[in-house]
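Understanding the architecture of this molecule
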Amino acid sequence: MNRRRSSSKRPAHGSRRVSPSRASGRLRLIGGDYRRRQLPVLERPGLRPTPDRIRETLFNWLAFELAGAHVLDLYAGTGALGLEALSRGAAQALFVETDSDVAASLSANIATLGANGHVRRQAAMAFLSGPVTPFDIVFLDPPFRQGHAVDTCQALEEHGWLSEEALIYLEIEHECEPRVPANWQLHREVRAGDGIGRLYRRHRAA
């Protein structure tokens, strides 16, 4: 997950693009097989890994859910949460990221780890309109204050992207009260900087 608080703007015509090799920060994985591994993170406005404290809390909640799980990391950015899930026993992860340089950097980090992950360079809603494979755990961190959360949650539910008792972690601005599908039950909640992280468990729709 990327902790991106506004959408990345493309460079103006003729301006210098940031190469995937130009990293300005580091992502440190905090648990599992890749614990303490540090990976480069590109320079992008608002792009930074979900803080260690939040990841530690979230993965404590998910401790007994990760083994063999199929994971989807939407609006992936640095891919911090999907990579952490792979480190802690998830079977595979799919990362969806629209920025080509960020996607290339994430692909390189997956290769460095030798992890079972794949990056799809595509807008999240366009991806959710495509061929469906159900996932057990979904990490969802859309840009704040752009109204993406409701539509994305509805698409995940209505298009069949979630396994029967899937877990969905949604990070939103603190003032937002998202309308999630009625069969998503709030399981845990944590303050996450200028936002709130909520973990939902899906139940079979009535």
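Notes on the structure follow. (Residues numbered from 1 in each chain as written. Predicted model: local features only at pLDDT ≥ 70, side-chain atom pairs only at ≥ 80, totals over all residues. Heavy atoms only, no water.)

**Overview of the pattern of salt bridges**
- Across all of its chains, the model carries 8 salt bridges by this definition.
- Residue Arg-28 is joined to Asp-52 by a salt bridge in which the shortest nitrogen-to-oxygen separation is 2.5 Å. Of this pair, Arg-28 sits in strand E1 (residues 23-28) while Asp-52 sits in helix H1 (residues 52-61); the two residues are 24 residues apart in sequence, bridging distant segments of the chain.
- Arg-55 serves as the salt-bridge partner of Asp-52, at 2.6 Å between the closest nitrogen and oxygen. Taken together, the positions of Asp-52 and Arg-55, both in helix H1 and 3 residues apart, correspond to about one turn of that helix. (Salt bridge = Lys/Arg side-chain N within 4 Å of Asp/Glu carboxyl O. Helix = DSSP H or I, 4+ residues; strand = E, 2+ residues; numbered from the N terminus.)

**Quick look at unusual backbone geometry**
- We note that Arg-36 has phi near 75 degrees; this positive angle belongs to a residue other than glycine.
- On the secondary structure map, Arg-36 appears in the loop between E1 and strand E2 (38-42).
- A positive phi angle, near 50 degrees, is found at Tyr-75, a position not held by glycine.

**Looking at the environment of Gln-154**
- Inspection of the secondary structure puts Gln-154 in helix H5 (residues 148-158).
- Separated by 27 residues in the primary sequence, Gln-154 and Pro-181 place their C-alpha atoms 6.4 Å from one another.
- Other than its neighbours up to four places away in sequence, Gln-154 contacts Arg-179, Val-180 and Pro-181. (Contact = heavy atoms within 4.5 Å.)

**Quick notes on the nonpolar core**
- Core analysis: the largest hydrophobic core is formed by 35 residues, its most contacted members being Leu-58, Leu-83, Phe-95 and Phe-139.
- Elements represented by at least two residues in this core include exactly E2, H1, helix H2 (80-87), strand E4 (92-97), helix H3 (100-113), strand E6 (135-140), strand E7 (162-173) and strand E8 (184-192).
- By residue number, the principal contributor to this core is H2, which donates 5 residues.
- In this structure, Ala-124, Phe-127, Leu-162 and Leu-170 belong to the second largest nonpolar core, which totals 24 residues. (Core = buried A, V, L, I, M, F, W, Y, C linked by side-chain atoms within 4.5 Å. Buried < 20%, exposed > 50% of the residue type's maximum accessible area, 1.4 Å probe, protein only.)

**Things to note about the packing of aromatic side chains**
- Following the criterion strictly, the structure yields 4 aromatic pairs and no others.
- Judged by centre distance (5.9 Å) and plane angle (50 degrees), the rings of Trp-184 and Tyr-200 are tilted. On the criterion of sequence distance, the pair formed by Trp-184 in strand E8 and Tyr-200 in strand E9 (residues 195-202) is long-range, its members being 16 residues apart. Per residue, the accessibility class of Trp-184 equals that of Tyr-200, and both read buried.
- Ring-pair connections join several aromatic residues into one group, and the members of that group are Phe-127, Phe-135 and Trp-161. (Phe/Tyr/Trp six-rings, centres within 6.5 Å; stacked < 30°, edge-to-face > 60°.)

**A word on the environment of Pro-49**
- As for its position among the elements, Pro-49 is in the loop between E2 and H1.
- For Pro-49, a relative accessible area of 16% gives the class buried.
- It is 8.5 Å that separates the C-alpha atoms of Pro-49 and Arg-26, two residues lying 23 residues apart in sequence.

**Observations regarding the pairing of E9**
- Within E9, 8 of the 8 residues are buried, which leaves it mostly tucked inside the rest of the structure.
- Residues of E9 alternate between two faces, with Gly-195, Gly-197, Leu-199 and Arg-201 on one and Ile-196, Arg-198, Tyr-200 and Arg-202 on the opposite face, all of them buried.
- Note: E7 against E9, 7 bridges, orientation antiparallel. Bridged to Leu-167 within E9 is Arg-201.
- Here E8 runs beside E9; their pairing, made up of 8 bridges, is antiparallel. The residue of E9 that forms the bridge with Val-190 is Gly-197. (Pairing = 2+ DSSP bridges.)

**Notes on H3**
- For H3, which comprises 14 residues, the first-to-last C-alpha distance of 20 Å matches the rise-based estimate of 20 Å (1.5 Å per residue) to within 8%.
- Those residues of H3 that sit buried are Asp-101, Val-102, Ala-103, Ser-105, Leu-106, Asn-109, Ile-110 and Leu-113.
- As for H3, its buried residues are in contact with E2, H2, E4 and strand E5 (117-121).
- Two to three positions downstream of the cap, the backbone nitrogen of Asp-101 sits 3.0 Å from a side-chain oxygen, assigning the N-cap of H3 to Asp-99. (Expected span 1.5 Å × (residues − 1). Polar contact = N/O pair within 3.5 Å; in protein donor to acceptor, adjacent residues only side chain to side chain.)

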